[in-house]
Amino acid sequence: MAEAKTHTLDVPGAVLRYDVRSTVPATAPVLLMIASPMDASGFATLARHFTDRTVVTYDPRGVGRSERADGGSGGTPEEHADDLHRLISALGAGPVDVFASSGGAVNGLALVARHPEQVRTLVAHEPPAVQVLPDRERLLAASVDIHRTYERDGLGPAMAKFMALISHRGPLPADFTDRPAPDPADFGLPTEDDGSRDDPMIGPHLISCSHFQYDFDRLRAAPTRIVVGAGAESEGEMCNRAAVATARRLATEVVTFPSHHAGFLGGEFGMEGEPDAFAATLREVLAEETRVPRVGRRGGTRQSK
């Protein structure tokens, strides 16, 4: 695969930086890999598995190299969806295939609801779609509590609560936010407040992402093929449960991907997944030319093994 070439794109309120790994001739549509708030560096390993495609990665607005005009961090799903629409238009290569991870999957679903003609296949891997879960009120309250902790006490205490939330398996207990706060040191996090409040994960992103409302009517009507993925090792965790619930609302099946929530990582950020196996599953999903089989709205969702 060719080395990544970095480009810039002016969008309302921000300048986006994106990387293009060109393949000529390409034998498949452009593959856009997105996450949020993770930047493009997290896809370094996964991108190397798709040498037959042109692969595009980018830093979402307010993250990494993509600066907001107001100096803030992050953005709303609506802003990210508009940015992605403009990015795909600038590429002039649509419709594209999209692999979307975590908050990127939220943004990918927002994009398809608004501009379905730009996306051939969307693989939405473990979107933290809190609003579709039966315990959403508790989850939303926990998200607000984490954000308030960040504003009051800084990164360590807030991120410790965040880690406890996303690793909890099963519906959230009613007393979750009343429990003793986890010790940041147990997660290798700082215990002292350095005064900064620019973390893209537990800043405004946490609230806008968790509170986002999905337009399932538009998503079900879209010509885009939507595949929802869930990690084999993350069953019962919030994002995995949200993936299953999202697939149910779309009346489609869940595809199980190897490893955990970030199973495509190959050492980026000090995290290891199963990138070879993950990429093989993604390649298989993208190669399918027909929609994932629909299931009855009352029939639940089956996870592929």
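Thresholds, definitions, all that
- Residues numbered from 1 in each chain as written.
- Predicted model: local features only at pLDDT ≥ 70, side-chain atom pairs only at ≥ 80, totals over all residues.
- Heavy atoms only, no water.
- Salt bridge = Lys/Arg side-chain N within 4 Å of Asp/Glu carboxyl O.
- Helix = DSSP H or I, 4+ residues; strand = E, 2+ residues; numbered from the N terminus.
- Buried < 20%, exposed > 50% of the residue type's maximum accessible area, 1.4 Å probe, protein only.
- UniProt positions renumbered as here; feature names shortened; annotations may be inferred.
- Domains from an automatic or database assignment.
- Contact = heavy atoms within 4.5 Å.
- Buried area = accessible area lost by both parts, 1.4 Å probe.
- Polar contact = N/O pair within 3.5 Å; in protein donor to acceptor, adjacent residues only side chain to side chain.

- Where an unreviewed UniProt entry is consulted, the protein appears under the name Pimeloyl-ACP methyl ester carboxylesterase, with the organism given as Nocardiopsis sinuspersici.

## A short note on the pattern of salt bridges
No. 1: If you walk through the whole model with that rule in mind, you get 20 salt bridges.
No. 2: The residue Arg-169 makes a salt bridge to Glu-237 at a minimum N-O spacing of 3.3 Å. Taken as a pair, Arg-169 in the loop between helix 5 (155–167) and helix 6 (204–210) and Glu-237 in the loop between strand 8 (225–231) and helix 8 (238–249) lie far apart in primary sequence, 68 residues in all.
No. 3: By relative accessible area, which is 46% here, Arg-169 ends up partly exposed.

## Brief notes about the UniProt feature "domain: AB hydrolase-1" (unreviewed entry) in the protein
No. 1: The UniProt feature table records "domain: AB hydrolase-1" (unreviewed entry) at residues 44–173.
No. 2: The annotated region residues 44–173 carries 48% helix and 16% strand content, and the separation between its end C-alpha atoms amounts to 37 Å.

## Points about the environment of Gly-267
No. 1: Looking at where Gly-267 falls in the secondary structure, it is placed in the loop between strand 9 (254–257) and helix 9 (275–287).
No. 2: What makes Gly-267 partly exposed here is its relative accessible area of 31%.
No. 3: Residues Gly-267 and Ala-44 lie 223 residues apart in sequence; the distance between their C-alpha atoms is 9.6 Å.

## A closer look at the domain arrangement of the protein
No. 1: As assigned here, the protein comprises domain 1 (5–129 + 213–287) and domain 2 (135–211).
No. 2: When each unit is reduced to the centre of its C-alpha atoms, the spacing between domain 1 and domain 2 is 24 Å.
No. 3: Listed by partner, the interface residues are 18 residues for domain 1 and 19 residues for domain 2.
No. 4: Counting each side, the surface lost to burial between domain 1 and domain 2 is near 1,400 Å², with a carbon and sulfur contribution of 55%.
No. 5: At the surface where domain 1 touches domain 2, the tally comes to two salt bridges.
No. 6: Salt-bridge contacts for Arg-241 lead to Asp-135; the nearest nitrogen and oxygen are separated by 2.9 Å.
No. 7: Inspection of the domain 1/domain 2 interface yields six residue pairs in polar contact (both at pLDDT 80 or more).
No. 8: Mapped by element, the contributors of at least two residues to the side of domain 1 that touches domain 2 are helix 3 (103–114) and helix 8.

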